[in-house]
Amino acid sequence: MINSSFSALGIQYGGHDTSASLLVNGEIVAACEQERFDLVKHSRAFPIDAINECLKIAGLKDINQIDVVAYGADILDCIKKVYLEPALKDIKRIEFLLNDAERLKSFLNHESIIREKTSYKGKISFFRHHLCHLASAYYPSGFKDALLVSYDGMGEIETSMIGEGTNGNIKILNDENHYPHSLGLFYSAITYYLGWKHHCDEGIIMGLAPYGNPYDFINDTGKTYIDIFRKIISSVSDTKYEIDLSWIEYHNKRDTWISEKFIKYFGPKKEYNDNLTQHHKNIAAALQLRTEEIVLSQLKHFQKQTGKKNICISGGVGLNCSLNGKILNSKLFDEIFVQPASGDAGVSLGAAILASKDKFKVKKHHNFYLGASFTNKQIEKIINNKKIKYKTPEDIYKSVAKFLAEGKIVGWFQGSSEFGPRALGN
C-alpha cells in the first residue's frame, strides 16, 4: 500500500467519456477510462470500474483512504445558465427544459450518486469543466509558462476557455464563448448530418476533409462551401465567435442537430449506408477549414497578448490532429503539448490536479499509460480458460512484421492501458 499523506480521486461523470484519475502526494498514479471496462465506446456510465482500478493500482483497499474526491463540473451553475435562464427568454427552451427533467434530477443528485455508488464518506470538491481541461494539460506539460487553451462541446455554459500558466498558477484570460455557440457541438452536428455518430465519429469527418474542396461552388447558389460556413460561424472579435442559430437545432431539440434551413440549402441528411459523394466531402472540408480559421485567429491574438511561446491544448477539439498540425506549422509557438486525453476523460485528471494544487508542481509527465495492466501469467490463464490456441514465437517482431507484410491485422497488447483514445502500441 502507498503510504500517502494526501490523495485526490478525480471523477468525470454526467456526460460522455466517464473516467477516474488518482493523485497521491502530487504524483499521477492512475488514470482510467470507464469504456475500457464496460466496452461501450465513449461510455456515459458511472465510472465505478475505473475508480476501483485506480484504487487497485495505488494499492488502496478502501476508497475512504482518499482525502478528497474531485468532480469536474459546477452542476448548479450549469443548470442555472443552460436551462433556467434561457427558459425565461425563449419558450422553446421551456420545452427543452421539461424534456430534460430526468437529466436535471440526475445532475442535482450527482453528489449523492457518488456516495451511493462508492460508499465514500469524505470531502467532495467541485471544479469548473474547462478549468479542469486547462489543468490537465498545463501541470503535466513541463512548461512553467504557457498559453492554455480548451475548445470543446461545452462545459457548464462555456464552450472554450483560454488561460495562461505562469509558475504553476493558472489565470483565465477569456471564457466568453458560450453555449449554443460551440465549435465542438457544431462539428458534432455536421458529423451527425454526414451520417456518423455525434460525440464519437468526429475524427472520421476530420479524415474525410482532405478529400473535399471547400472552395467548390454549391450547385446553383453562386456560393462556395467555405462562403456558407463562414456565414454560419462568424468571428465577432479577436476573442469571440458566434454560430448563426438559424442553421442549427441542437439547442432547441435533442438529437436533431441541424435545422430545416441547413437541409434546404445542403440537401437531406446522409444516412450511414448512403453513398458518400463529393458534396459530402466538400462539407467536411469547409467545416474543418472554418474550425481551423477560428482557432488559429484566436491563438494569434492571445499569443500576441501574452507573448507565451509554449501552448498546452485540451478539450475535445484538441483531439483534432489536423488542426494541431496547422498550429504547429503556424510557428506561433516553439513547443506544443497536447493532453492525450483531451476529450472529457481528461477532466477527471484536471479535477484531481486542482484538488492537489498545493502538492502538484508543474513538471514533465508525459507517460499516460496509467490504466490496467496484466502479467503474462494472468493473460495465459485467461487464454487457457477460453480454450484458445496460441503459440509463442521465438522472434515476435519478425512474426508481426510477416503478418503485416501479408496484409493481416495485428492486435498488440503490452504494458498498461493508455489514457486517451490513441493506443500507439500499448
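Structure first, text after, so check above.
Residues numbered from 1 in each chain as written. Predicted model: local features only at pLDDT ≥ 70, side-chain atom pairs only at ≥ 80, totals over all residues. Heavy atoms only, no water.

A. Quick peek at the overall build of the protein. Within the protein, the regular secondary structure consists of 16 helices and twelve strands. Its C-alpha radius of gyration of 23 Å places the protein within 12% of the 22 Å reference for a compact globule of 426 residues. Dimensions of the protein, computed from C-alpha atoms along their principal axes, come out at roughly 65 × 55 × 45 Å. Per-residue burial over the protein gives 50% buried out of 426 residues. Summed over all atoms, the accessible surface of the protein reaches about 20,700 Å², with 53% contributed by carbon and sulfur. Mean positive and mean negative side-chain charge positions of the protein (53 and 49 charges, respectively) differ by 4 Å. (Helix = DSSP H or I, 4+ residues; strand = E, 2+ residues; numbered from the N terminus. Rg over C-alpha atoms; globule rule 2.2 N^0.38 Å. Buried < 20%, exposed > 50% of the residue type's maximum accessible area, 1.4 Å probe, protein only. Areas by Shrake-Rupley, 256 points an atom, 1.4 Å probe, with all protein chains shown as cover. Lys, Arg positive; Asp, Glu negative; His and termini not counted. Charge placed at Lys NZ, Arg CZ, Asp CG, Glu CD.)

B. Inspection of the packing of aromatic side chains at higher detail. Scanning all chains against the criterion turns up 17 aromatic pairs. Cluster of aromatic residues (ring-pair linked, three or more members): Phe-186, Tyr-193, Tyr-225, Phe-229, Trp-247, Phe-262, Tyr-265 and Phe-266. Sitting above the plane of the Phe-96 ring, Arg-93 keeps its charged end 4.1 Å from the centroid. The residue whose ring lies beneath Lys-270 is Trp-196, and the NZ or CZ to ring-centre distance is 4.5 Å. (Phe/Tyr/Trp six-rings, centres within 6.5 Å; stacked < 30°, edge-to-face > 60°. Lys NZ or Arg CZ within 6 Å of the ring centre and 35° of its normal.)

C. Geometry of the sheet that holds strand 8 (residues 169-174). Strand order across the open sheet formed by five strands is 8-7-6-11-12, with mixed pairing between neighbours. On the outer flanks of this sheet lie strand 8 and strand 12 (335-338), each paired with one strand and no other. For this sheet, the mean angle separating the axes of adjacent strands, direction not counted, is 25°. Across four bridges, the pairing between strand 11 (residues 310-314) and strand 12 is parallel. Paired with Ile-311 across the strands is Ile-336, a residue of strand 12. (Pairing = 2+ DSSP bridges. Axes fitted to C-alpha atoms, helices over the stretch in contact; angles between N-to-C directions.)

D. Just a nonpolar patch on the surface, in detail. The grouping of Ile-91, Ile-94 and Leu-98 at the surface amounts to a nonpolar patch, some 330 Å² of accessible area in total. Within the secondary structure, Ile-94 is located in helix 4 (residues 91-99). A relative accessible area of 39% means that Ile-94 is categorised as partly exposed. (Patch = residues over 30% accessible without salt bridge, like charges linked within 9 Å, V, L, I, M, F, W, Y side chains within 5 Å. Salt bridge = Lys/Arg side-chain N within 4 Å of Asp/Glu carboxyl O.)

E. Main features of the sheet that holds strand 1 (residues 7-12). Pairing in this open sheet of five strands is mixed, and the strands run 3-2-1-4-5 from one edge to the other. Sheet topology places strand 3 (27-33) and strand 5 (123-126) at the edges, where each strand pairs with a single neighbour. Across the sheet, the axes of successive neighbouring strands diverge by a mean angle of 20°, strand direction being ignored. Two elements, strand 4 (residues 68-71) and strand 5, share four bridges in a ladder whose sense is parallel. Within strand 5, the position partnered with Val-69 by the bridge is Ile-124.

F. Representation of the nonpolar core within the structure. Among the nonpolar cores identified, the biggest contains 86 residues, and Leu-9, Leu-22, Phe-186, Phe-229, Phe-266 and Leu-299 are the most heavily contacted of them. If one sorts the elements of this core by residue count, helix 12 (residues 278-306) sits on top with ten residues. Among residues more than four places away in sequence, those in contact with Phe-266 are Tyr-193, Ile-218, Tyr-225, Ile-228, Phe-229, Trp-247, His-279 and Ile-283. Counting 30 residues, the second-largest nonpolar core is a separate cluster that includes Ala-70, Ala-345, Ala-352 and Ile-353. (Core = buried A, V, L, I, M, F, W, Y, C linked by side-chain atoms within 4.5 Å. Contact = heavy atoms within 4.5 Å.)

G. Structural detail: the packing of helix 3 (residues 75-89) against helix 4. For the pair helix 3 and helix 4, interaxial distance at closest approach is 6 Å and the crossing angle is 145°. Once helix 3 is placed against helix 4, the crossing between them reads as left-handed. Note on element contacts: helix 4 touches helix 3 through Ile-91, Arg-93, Ile-94, Phe-96 and Leu-97, opposite Val-82, Tyr-83, Leu-84, Pro-86, Ala-87 and Lys-89. Taken together, the residues that form the contact of helix 3 with helix 4 break down as nine nonpolar, no polar and two charged. (Left-handed = near helix turned anticlockwise from the far one by under 90°. Nonpolar A, V, L, I, M, F, W, Y, C, P; charged D, E, K, R; others polar.)

H. Structural context of the environment of Ile-379. With respect to the helices, strands and loops of the structure, Ile-379 is situated in helix 15 (residues 376-385). Residue Ile-379 is classed as partly exposed on the basis of its relative accessible area of 30%. Setting aside its immediate chain neighbours within four residues, Ile-379 contacts Phe-374 and Phe-413.

I. Region of interest: the pairing of strand 4. Burial along strand 4 is two-sided: the face carrying Val-68 and Ala-70 and the face carrying Val-69 and Tyr-71 are both buried. With four bridges connecting them, strand 1 and strand 4 associate as parallel partners. When the bridges of strand 4 are listed, Ile-11 appears paired with Tyr-71.

J. Spatial organisation of the packing of helix 10 (residues 225-232) against helix 12. Across the interface, helix 10 lies against helix 12 with an axial gap of 9 Å and an inter-helix angle of 50°. Taken together, the axis directions place helix 10 and helix 12 in an arrangement best described as oblique. Taken as a pair, helix 10 and helix 12 cross one another with a handedness that is right-handed. In this structure, helix 10 uses Tyr-225, Ile-226, Phe-229 and Arg-230 to contact helix 12, whose residues at the interface are His-279, Asn-282, Ile-283, Ala-286, Leu-287, Leu-289, Arg-290 and Glu-293. (Parallel < 35°, antiparallel > 145°, perpendicular 65-115°, else oblique.)

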